[in-house]
There are 2 protein chains.
Amino acid sequence: MTKNLPYLQVALDHSTLPEAIKAASLVGHDVDIIEAGTVCLLQVGSELVEILRKLYPNKIIVADTKCADAGGTVAHNNAIRGADWMTCICSATIPTMQAALKSIKNIREDRGEIQVELYGDWTYEQAQQWLDIGISQAIYHQSRDALLAGESWGTKDLERVKKLVEMGFRVSVTGGLNVETLKLFEGIDVFAFIAGRGITEAENPRQSAIEFKQEIKRIWG
Amino acid sequence: MTKNLPYLQVALDHSTLPEAIKAASLVGHDVDIIEAGTVCLLQVGSELVEILRKLYPNKIIVADTKCADAGGTVAHNNAIRGADWMTCICSATIPTMQAALKSIKNIREDRGEIQVELYGDWTYEQAQQWLDIGISQAIYHQSRDALLAGESWGTKDLERVKKLVEMGFRVSVTGGLNVETLKLFEGIDVFAFIAGRGITEAENPRQSAIEFKQEIKRIWG
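Structural notes, computed from the coordinates. (Residues numbered from 1 in each chain as written. Chains lettered and ligands numbered in written order. Predicted model: local features only at pLDDT ≥ 70, side-chain atom pairs only at ≥ 80, totals over all residues. Heavy atoms only, no water.)

1. What about the sheet that holds strand S5 (residues 113-118) of chain B?
Paired through their backbone hydrogen bonds, the strands of a sheet run either parallel or antiparallel. Residues and elements named next belong to chain B. We apply this condition: At least two bridges found by DSSP between two strands is the condition for calling them paired. Under the scheme used here, helices are H or I runs from DSSP no shorter than 4 residues and strands are E runs no shorter than 2 residues, and both carry numbers assigned from the N terminus. For helices, the fitted line uses only the C-alpha atoms of the stretch in contact; every axis is such a line through C-alpha atoms, and the angle between N-to-C directions lies from 0 to 180 degrees.
The sheet built from eight strands closes into a barrel, its strands ordered S1-S2-S3-S4-S5-S6-S7-S8 with parallel pairing. In this sheet, neighbouring strand axes are inclined to one another by 25° on average, regardless of whether the strands run parallel or antiparallel. Direction of pairing for strand S3 (residues 60-67) relative to strand S4 (residues 85-89): parallel, over a ladder of three bridges. When the sheet's bridge partners are listed, Val62 is paired in S4 with Trp85.

2. Looking at the pairing of S4 of chain B
Residue and element names in this part refer to chain B. Test applied: Each residue's exposure class comes from its accessible area (1.4 Å probe, protein chains only) as a fraction of the maximum for that residue type: buried when under 20%, exposed when over 50%, partly exposed otherwise. With the strands pointing away from the viewer, any crossover whose connection runs clockwise from the first strand over the helix to the second is right-handed.
Among the five residues of S4, five are classified as buried, and the element is accordingly described as predominantly covered. Of the two faces of S4, the one lined by Trp85, Thr87 and Ile89 and the one lined by Met86 and Cys88 are each fully buried. With helix H4 (residues 71-79) bridging S3 and the parallel S4, this β-α-β connection has right-handed handedness. Summarising the sheet, S4 and S5 pair through five bridges and their orientation is parallel. By the bridge assignment, Cys88 is partnered in S5 with Val116. Handedness of the β-α-β unit built from S4, helix H5 (residues 94-108) and S5 comes out right-handed.

3. Here we look at the environment of Ser46 of chain A
What counts is decided by this rule: Note on definitions: a residue-residue contact is assigned when non-hydrogen atoms from the two residues lie within 4.5 Å.
For Ser46 of chain A, the position within the fold is in the loop between helix H2 (38-44) and helix H3 (47-55). By relative accessible area, Ser46 of chain A is classed as buried at 0%. As a C-alpha pair, Ser46 of chain A and Ala75 of chain A span 29 residues in sequence and 11 Å in three-dimensional space. Residue contacts for Ser46 of chain A: discarding those within four places in its chain leaves Leu41, Asn77, Asn78 and Arg81 of chain A together with Leu42 and Gln43 of chain B.

4. Things to note about helix H10 (residues 205-220) of chain B
All names here are of chain B. Note the following rule: By definition here, a helix of n residues has an expected span of 1.5 Å times n minus one. What the arc describes is the spread of directions from the helix axis to the C-beta atoms.
End to end, H10 covers 22 Å across 16 residues, agreeing with the expected 22 Å (1.5 Å per residue, within 8%). Three or more residues of H10 are buried, namely Pro205, Ser208, Ala209, Phe212, Glu215, Ile216, Ile219 and Trp220. One side of H10 carries all its buried residues, which in axial view fall inside an arc of 125°. Facing away from the buried surface of H10 by more than 90 degrees, the exposed residues are Lys217 and Arg218. For H10, the secondary structure elements touched by its buried residues are strand S1 (7-12), helix H1 (17-27), strand S8 (192-195) and helix H9 (197-200).

5. Quick word on the packing of H1 of chain B against helix H3 (residues 47-55) of chain B
All names here are of chain B. Heads up, the rule is: Each angle gets one of four labels, with under 35 degrees taken as roughly parallel, over 145 as roughly antiparallel, 65 to 115 as roughly perpendicular, and the rest as oblique. Should the near helix be turned counterclockwise from the far one by less than a right angle, the crossing is left-handed, whereas a clockwise turn marks it as right-handed. Each residue gets one label: Ala, Val, Leu, Ile, Met, Phe, Trp, Tyr, Cys and Pro are nonpolar, Asp, Glu, Lys and Arg are charged, and the others, such as Gly, are polar.
Between H1 and H3, whose axes approach to 11 Å, the crossing angle comes to 25°. By the angle between their directions, the pair H1 and H3 is classed as roughly parallel. When the axes of H1 and H3 are compared, the crossing they make is right-handed. Judged by residue contacts, Leu17, Ala20, Ile21 and Ala24 of H1 engage Glu47, Leu48, Ile51, Leu52 and Leu55 from H3. Classifying every residue of the contact of H1 with H3 by side-chain character gives eight nonpolar, no polar and one charged.

6. So, the relation of the copies chain B and chain A
So the rule is basically this: For the least-squares superposition of copies, only C-alpha atoms count, and only for residues with pLDDT at least 70 in both.
With an RMSD of 0.0 Å, the operation that places chain B on chain A is a rotation of 180° combined with a shift of 0.0 Å along the axis. This pairing of chains is accounted for by a two-fold axis. Interface residue correspondence from chain B to chain A reaches 100%, placing this contact among same-surface, isologous pairings.

7. So, unusual backbone geometry
Residue and element names in this part refer to chain B. Notably, Ala70 is not glycine yet its phi reads approximately 55°, a positive angle. When you line up the elements, Ala70 lands in the loop between S3 and H4. Its relative accessible area of 5% is what places Ala70 among the buried residues. Despite not being glycine, Glu109 shows a phi value in the positive range, around 55°. Along the chain, Glu109 falls in the loop between H5 and S5. For Glu109, a relative accessible area of 57% corresponds to the exposed category.

In structure tokens form, the structure reads like this:
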């Protein structure tokens, strides 16, 4: 895995297991992080995580559960199938996040991490609470539906990402990203770029992943 | 289904399909609403919804996806397997909720509804926006993890439930409920009581469901 450069994460948000596995097989070796997406987890369950772990034993596997409750159980269920990281929604309570963190670290040890997914309204005071309990990864998310409704990345978004980085978060960004939009983030210490369809629905997904990596290297290298 | 009385909803939050189906089979005929719980959906996918629909063709089936994004896709995936209602997390954007509502109504027609799950911070201004787009069900939730951390139902919670009812919501309540705690809600026009382990882990789950119904009738009948 490249050091110091932002990572590239592919999100598998397909509605069937065969489609998700097919997409993973095309780009799995060329990305740093492979995400079992929420849509697919809700359709096929954590078997997806187990297959990804078996296929890519050395990659970071994320279970994008957007967990809102029962953090210990959900983290346990995904960690035993091989997830290194799991997401909690920002509106989850602190006890839920703590339970998830404890559970994933019990099984994956130092490799286990919780990422907070930022949707809707949240505050920097909440963000500080997440840091205080040992969660230092956040995902800044342009909602797919918001993007479809015509909203896009703006200065306000980029300022929020910067502020979170300054607070001490490793911040991944996602939502409508493609090779052309990466340069919007120039000068910001992004932790990982997460792309779904921008990679998996490209005419040549592997080539698309390689172009993402090249552009990341060009800008941040 | 009893009219005017609060409904009884059982939440199937097991980590395996056999456990969830076993629990459903014990109480499915005695409750009004059967919920495919988030923990189980994330473990086994929407096949759970399809099995519940086949087993209980006349009951309301809820897919508790706590959907935060891709509302149209997630609602479609669950509605085609038989879900009448689906939950969105309160931090989902309005476009996500709108997409989910449109999608579930496309398939389930008037029977299709979206419920907003209230976790963490939310505001009455947001709640009004949900009403404005045609979502009139909310779920007031005591987090399982918060309950485990010692928090419980208090006056503040009950006042919020009342206020939401006054705004025009049908409000379901959930979190650590058992037959004894129902009386806390006396005088409040609760739409449905949602119980998980309070019913499914009882020594006699069917008897427990019947006792819930009796207590509801005693208080609200």
